[in-house]
2 protein chains.
Amino acid sequence: MSDSQPIFVAVIGVGGVGKAFLGQVDSLRTRLEQQKPPIDLRLILARRSNKQVFAEGWKALEIASLVQTLDNSKQPLLPFNEVIDKLATAPGKVILVDNTSDPTLANSYPAILQKGISIVTPNKKAFSDSYELWSDIFAAAANGTGSSGHGYVFHESSVGAGLPVISTLKELVETGDEVTKIEGVFSGTMSFLFNSFMPVGGGGGKFSAEVTKAKDLGYTEPDPRDDLNGLDVARKLTILARLVGLKVQSPTSFPVESLIPKELESCSSGDEFLQKLPEFDGQMDDLKSSAAKEGKVVRFVGSIDVPSQSVKVGLEKFDASHPIAALKGSDNIISFYTKRYGSNPLIIQGAGAGGEVTAMGVTGDLLKVVRLLQ
Amino acid sequence: MSDSQPIFVAVIGVGGVGKAFLGQVDSLRTRLEQQKPPIDLRLILARRSNKQVFAEGWKALEIASLVQTLDNSKQPLLPFNEVIDKLATAPGKVILVDNTSDPTLANSYPAILQKGISIVTPNKKAFSDSYELWSDIFAAAANGTGSSGHGYVFHESSVGAGLPVISTLKELVETGDEVTKIEGVFSGTMSFLFNSFMPVGGGGGKFSAEVTKAKDLGYTEPDPRDDLNGLDVARKLTILARLVGLKVQSPTSFPVESLIPKELESCSSGDEFLQKLPEFDGQMDDLKSSAAKEGKVVRFVGSIDVPSQSVKVGLEKFDASHPIAALKGSDNIISFYTKRYGSNPLIIQGAGAGGEVTAMGVTGDLLKVVRLLQ
């Protein structure tokens, strides 16, 4: 209704995802304002590690020029708990958008939700660190077991970016299907590396050369070891396993295969690591040729076997005709095997990384919360 | 909250989908009752063409024995508009679950929504008949442009059964992505027929034999011509095209290729049709061998090209490596090409027909409405 209260949005983090989100939320805001009945969505806070802009008198900040406003801001950087306290006094509902991967911020989610502030975020840390934090978050959330005055929490982009992975899994579980297995390629970087290193039909370069290429194309973290250690995939598996009811304690509480040779773990920089990686190409070549002999390809996958409560991350061989083998570029693929879906899984596939698609999951979650708060 | 009003559910249709839905909603009801805060979901009406059971005093009907209760019911079958009038007097919000494919029922959706009753349904007719009916439904719905006292409408299972097709497309559109093309196999029957008739790698039987086999396995309508005419796929394409903003007037307002030979359109029965179909196997064999010469396979697909506003349904050839060619069993596959997803589409794949998976989409929609009504 036109006389309804505004909904306030506070954004933390204005990096790649954050900037893409700002663009998307600016269009969304316009559409919500024009719909009948209109919704008044107001961005009232933007904050990054060293700067913040809090709107005067709960008036909307101009989104189009927000990054510049933030750059030029002379506002004192309030301690984060004071920011939350101030947000809790807003004359309407507040949604906090955490576009960082900050674990400290994640630790304060339960307290934020209890204050009635909703959270949408691609921040994996919050949902893949200790099981205790996970429990505390959902005990505090209105869409967990928190009371109805509490905030909602949505985190679609924490797995597979904007792909509808978490919403689909939740719906399978909530409508009473029995999920038996989840399997897939959960890292855009790993997808690109292995699709290039060992494409179906043969070819592909040395493993170290593919890693260097991936880094040059911006597909890896600044230090590629942060991808190759498998922890990013382990975090995503932790989240999905918990959503099907497994009490996974942490992303290091199950087997995770690292692709960093032991000898290179102690390299002082990513560059030194990349320089020495070719010495270990022989091991990867052996793996490649042993798979090829069986007519298979090697991929870096994560899987959850629900009945045996087994979660693992690492290299596996797949037939050339398997959907995981046929993946292209840096796409993710997630297969849900369930009782209802029978022998053929429900599959979701597509870009699982990148600013715009990650931001899309965040914007979509924001819209879900807006509708629940209306 | 424990003292919140009950949410009332009225079910029309207790066929294959309807029965599966009842099983799912019975479990859902128990879970909602046990959650904190509990939600009191009460099934208060079941109705099919010749029987109805309306609960006394808005008390919950026992779901486990509902089909039997309905069979034994001696309640007079009220005219449908009187049922709606009575539901509108319920002491709480009402959700109507239409598990039929009845076009008459579909025509009354706008009036039902205006009375504040929400609708969840797999009924394709409501969303694929005239564009006027589509406009009227969404003008009346609270999640269309209707006012906030009106009912919500969700219809995930009208395309791809329980696969998250409609919710994903809506999110792409609502978060501002630009959908350029949608392509896929939208019929479980057509999928099975062509995956059997022309599997990747060769083989497969005569087309008429595959149709008979599909019918024997229960994969076709009682008269297989109701699948082979392409209208079911055309209805699904109509719905998706309208969701991306194309004003498709009806499922017959764009090119739809029928696989029923002209000469057999007038057969008096499905059996007579199946008897005469082998006379036309030569045409399908020619198609198969011409595709094989190009290293391709033939599939029955639907596609929407958004910039040119072109929608079409019919046979197309695909490379053996294309995801559409690699489909298995009676699976559906839907590819969304968008600006954000770039050259590789967002793909959703899996069983797109069957009582349990169709009911799952309905139950999932019910849960969405419950959360919006809370």
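Residues numbered from 1 in each chain as written. Chains lettered and ligands numbered in written order. Predicted model: local features only at pLDDT ≥ 70, side-chain atom pairs only at ≥ 80, totals over all residues. Heavy atoms only, no water.

- Under the annotation held in an unreviewed UniProt entry, chain A carries the name Homoserine dehydrogenase and is attributed to Oleoguttula mirabilis.
- Entered under Cofactor (unreviewed entry) in the UniProt record, the comment concerning chain A runs "a metal cation".
- According to UniProt, the comment filed for chain A under the heading Catalytic activity (unreviewed entry) is "L-homoserine + NADP(+) = L-aspartate 4-semialdehyde + NADPH + H(+)". (UniProt positions renumbered as here; feature names shortened; annotations may be inferred.)

### Digging into the overall build of chain A
No. 1: Within chain A, the secondary structure is distributed over 15 helices and eleven strands.
No. 2: Along the first, second and third principal axes, the C-alpha atoms of chain A reach 70 × 50 × 35 Å.
No. 3: Residues counted as buried form 55% of the 374 residues belonging to chain A.
No. 4: Restricting the contact set of chain A to residue pairs at least 6 apart, pairs at least 24 apart contribute 67%.
No. 5: Accessible area for chain A stands at about 14700 Å²; split by element, carbon and sulfur atoms hold 50% of it.
No. 6: Measuring between centres, the 38 positive side-chain charges of chain A sit 3 Å from its 43 negative side-chain charges. (Helix = DSSP H or I, 4+ residues; strand = E, 2+ residues; numbered from the N terminus. Buried < 20%, exposed > 50% of the residue type's maximum accessible area, 1.4 Å probe, protein only. Contact = heavy atoms within 4.5 Å. Areas by Shrake-Rupley, 256 points an atom, 1.4 Å probe, with all protein chains shown as cover. Lys, Arg positive; Asp, Glu negative; His and termini not counted. Charge placed at Lys NZ, Arg CZ, Asp CG, Glu CD.)

### Some thoughts on the UniProt feature "binding site: NADPH" (unreviewed entry) in chain A
Residues and elements named next belong to chain A.
No. 1: The sites that carry the UniProt feature "binding site: NADPH" (unreviewed entry) are, in the present numbering, Thr100 and Lys124. A maximum C-alpha distance of 9.4 Å is found for the annotated residues, which run over 25 residues; spatially they form one tight group.
No. 2: Reaching out from Thr100, the side chain makes a polar contact with the side chain of Asp98 at a distance of 2.6 Å.
No. 3: Tracing the backbone through its elements, the reader meets Lys124 in the loop between strand S5 (118–120) and helix H6 (125–128).
No. 4: Owing to a relative accessible area of 22%, Lys124 belongs among the partly exposed residues under this scheme.
No. 5: Not counting residues up to four positions away in its chain, the partners in contact with Lys124 are Ser158, Asp232, Arg235, Lys236 and Ile239. (Polar contact = N/O pair within 3.5 Å; in protein donor to acceptor, adjacent residues only side chain to side chain.)

### Comments concerning the packing of aromatic side chains
Residue and element names in this part refer to chain A.
No. 1: Scanning the model with the defined rule gives 20 aromatic pairs over all chains in all.
No. 2: Pairing Phe127 with Phe138 gives two aromatic rings, centres 6.2 Å apart and planes at 45 degrees, and the pair type is tilted. Taken together, the residues span a long stretch of sequence, with Phe127 in helix H6 and Phe138 in helix H7 (residues 131–140) at a distance of eleven residues.
No. 3: The exposure class assigned to Phe127 is buried, which follows from its relative accessible area of 0%. (Phe/Tyr/Trp six-rings, centres within 6.5 Å; stacked < 30°, edge-to-face > 60°.)

### Structural notes on the interface of chain B and chain A
No. 1: If you look at the interface, chain B gives 42 residues, while chain A gives 43 residues.
No. 2: Both sides together, the interface formed by chain B and chain A hides about 3400 Å², and carbon and sulfur atoms give 54% of it.
No. 3: Together, Arg340, Tyr341 and Met360 of chain B form the three largest contributors to the area buried by chain B at its contact with chain A, with a combined 18%.
No. 4: Applying the counting rule to chain B against chain A returns six salt bridges.
No. 5: Lys368 of chain B serves as the salt-bridge partner of Glu171 of chain A, at 3.9 Å between the closest nitrogen and oxygen.
No. 6: Taken together, chain B and chain A are joined by ten residue pairs in polar contact (both at pLDDT 80 or more).
No. 7: Of all the secondary-structure elements, those providing two or more residues to the side of chain B that touches chain A are helix H1 (16–34), helix H8 (165–174), strand S11 (346–351) and helix H15 (355–373) of chain B. (Buried area = accessible area lost by both parts, 1.4 Å probe. Salt bridge = Lys/Arg side-chain N within 4 Å of Asp/Glu carboxyl O.)

### Some thoughts on empty space enclosed by the protein
Rolled over the atoms, a probe sized like a water molecule indicates the empty space that remains.
All names here are of chain B.
No. 1: Applying the stated criterion across every chain yields a total of one cavity of 30 Å³ or more.
No. 2: Estimates place the volume of the largest cavity at around 40 Å³.
No. 3: Taken together, Val9, Val25, Arg29, Leu41, Arg42, Leu43 and Ile63 make up the full set of residues lining the largest cavity.
No. 4: Only H1 and strand S2 (41–48) provide two or more residues apiece to the lining of the largest cavity.
No. 5: With three residues, the single largest contributor to the lining of the largest cavity is S2.
No. 6: Residues belonging to the lining of the largest cavity are distributed by class as follows: five nonpolar, no polar and two charged. (1 Å grid on protein atoms, 1.4 Å probe; cavity = no way out; pocket = protein on both sides within 12 Å on 5 of 7 lines; lining within 4 Å. Points joined across faces, edges and corners; volume = space filled by probe spheres on them. Nonpolar A, V, L, I, M, F, W, Y, C, P; charged D, E, K, R; others polar.)

### Quick look at the relation of the copies chain B and chain A
No. 1: With an RMSD of 0.0 Å, chain B superimposes on chain A once it is rotated by 180 degrees and translated 0.0 Å along the axis. On this basis, the relationship between the two copies can be described by a two-fold rotation axis. Within chain B, Ile348 of chain B has its C-alpha nearest the rotation axis, a separation of 2.4 Å.
No. 2: Looking at the interface residues of chain B, 100% of them are also at the interface in chain A, so both copies use one shared face. (Least-squares fit on C-alpha atoms with pLDDT ≥ 70 in both.)

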